[in-house]
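Single-letter residue listing:
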Amino acid sequence: MTKEKSNIEIKEPKSDLRKRADEIRDLRCENLIAVLEEPTDIKNIGTVVRNINALGVEKLYIIDSKKRLPTDWEEMRERKSLLKPSVSAIKWSFVKTFESTEECFKHLENKRFISIVTSPHIKGQNNTFLHNGNYTQKRLAVWFGNESRGISNFAVKNSNACVQIEMAGIIESLNLATSTGIVLYEITKQRRQYQRENKRGRKVDPKVITE
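Residues numbered from 1 in each chain as written. Predicted model: local features only at pLDDT ≥ 70, side-chain atom pairs only at ≥ 80, totals over all residues. Heavy atoms only, no water.

Caption draft 1: Inspection of the overall build of the protein at higher detail. When its secondary structure is counted, the protein shows seven helices and seven strands. Helices (α) and strands (β) of the protein occur, in sequence order from the N terminus, as α-β-α-β-α-α-β-α-β-β-β-α-β-α. Summarising the internal contacts of the protein: among those between residues at least 6 apart in sequence, 84% fall at separations of at least 24. Element-wise, carbon and sulfur atoms account for 48% of the exposed surface of the protein, whose accessible area totals about 13400 Å². (Helix = DSSP H or I, 4+ residues; strand = E, 2+ residues; numbered from the N terminus. Contact = heavy atoms within 4.5 Å. Areas by Shrake-Rupley, 256 points an atom, 1.4 Å probe, with all protein chains shown as cover.)

Quick look at the structure:
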């Protein structure tokens, strides 16, 4: 007499990491990319990686003409100089490098992304304070400039708008890690709210500057 085989599938218990991934799936902001243009401080890059991971930004692009970072993502995930300041967020965040601003813009345009730049000062033709903008476009790339020089004229010229953080102090600047946190918090908040209320997504993109 043979034993009848059971058709009951025994499921393995989910790991804590998998449970967390399931919990945050709906909080991730699809088609939202942060772009760092020629950052010089590796620690700043690590902190920005931590910011984008915590806020649910889908990807980080880095313009790295001096090739400070490895081009291979797997190698980047093991780089100690990024692991520590990112608190290991580099292991769970997609990062892609480009050799020039022009190359990155071409890539984003081919993928039909709208680009906006950020600056503490008025630049270009279309300017708005962060809290006045609309950031619910289907595909959005948010550019942040170099720590000392800021955003390039090429990036400003080829972007849809320039977004400023309203300053209330004598010193009208913030470091890169802080500014990315503030800007991306507002943008991800808007996009999550829109995603919750509109499951089908956008057919026509709104203007960033609506006033």
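Caption draft 2: Seen up close, helix α7 (residues 176–197). With 22 residues, α7 extends 32 Å between its outermost C-alpha atoms, agreeing within 8% with the 32 Å of an ideal straight helix rising 1.5 Å per residue. At the N-terminal end of α7, a side-chain oxygen is found 3.3 Å from the backbone nitrogen of Ala177, two or three residues along, and the residue is Asn175. (Expected span 1.5 Å × (residues − 1). Polar contact = N/O pair within 3.5 Å; in protein donor to acceptor, adjacent residues only side chain to side chain.)

Caption draft 3: Broad picture of the environment of Asp64. Within the secondary structure layout, Asp64 lies in the loop between β2 (57–63) and α3 (73–77). In contact with Asp64, not counting residues within four places along its chain, are Glu38, Leu69, Phe98 and Glu99.

Caption draft 4: Spotlight on unusual backbone geometry. One non-glycine residue, Ser88, adopts positive backbone phi at about 70°. Assignment of secondary structure puts Ser88 in the loop between α4 (80–83) and β3 (94–98). The class for Ser88 is partly exposed, based on a relative accessible area of 32%. For Arg112, which is not glycine, the phi dihedral falls at a positive 65°. Mapped onto the elements of the fold, Arg112 is located in the loop between α5 (101–110) and β4 (114–118). On the basis of relative accessible area, Arg112 is assigned to the exposed category, the value being 56%. (Buried < 20%, exposed > 50% of the residue type's maximum accessible area, 1.4 Å probe, protein only.)

Caption draft 5: Representation of the sheet that holds strand β6 (residues 140–144) in the model. Strands sit in the order β3-β2-β1-β6-β4-β7-β5 across an open sheet of seven strands; the sheet is parallel. Two strands close off the open sheet at either side, each with one partner strand: β3 and β5 (127–129). Within the sheet, the average angular offset between the axes of one strand and its neighbour, ignoring direction, is 25°. Where helix α2 (residues 42–55) meets the sheet, its contacts fall on β1 (29–37), β2 and β3, and the angle it forms with β2 comes to roughly 160°. Set on the sheet, α7 makes contact with β1, β2, β4 and β6; between it and β1 the angle comes to about 165°. (Pairing = 2+ DSSP bridges. Axes fitted to C-alpha atoms, helices over the stretch in contact; angles between N-to-C directions.)

Caption draft 6: View of the packing of aromatic side chains. Tallied over the entire structure, the rule returns three aromatic pairs. Between the aromatic rings of Phe105 and Trp143, the centroid separation amounts to 4.3 Å while the plane-to-plane angle is 15°, which identifies the pairing as stacked. Note that Phe105 is positioned in helix α5 and Trp143 in strand β6, a separation of 38 residues in sequence. Accessibility assignment for this pair places Phe105 and Trp143 in one class, buried. Through pairs of rings, three or more aromatic residues link up here, namely Phe105, Trp143 and Phe154. The ring of Phe94 is capped by Lys59, whose NZ or CZ atom sits 5.3 Å from the centre of that ring. Sitting over the ring of Phe98, Lys96 keeps its end group 5.3 Å from the ring centre. (Phe/Tyr/Trp six-rings, centres within 6.5 Å; stacked < 30°, edge-to-face > 60°. Lys NZ or Arg CZ within 6 Å of the ring centre and 35° of its normal.)

Caption draft 7: Here's a closer look at the packing of α2 against α7. The interhelical angle for the contact between α2 and α7, taken along N-to-C directions, is 15°, at an axis separation of 10 Å. It follows from the interaxial angle that α2 and α7 lie roughly parallel. α2 and α7 meet at a crossing whose hand is right-handed. Along its contact with α2, which presents Asn44, Thr47, Val48, Asn51, Ile52 and Leu55, the element α7 presents Leu176, Ala177, Thr180, Gly181, Leu184, Tyr185, Thr188 and Arg192. (Parallel < 35°, antiparallel > 145°, perpendicular 65-115°, else oblique. Left-handed = near helix turned anticlockwise from the far one by under 90°.)

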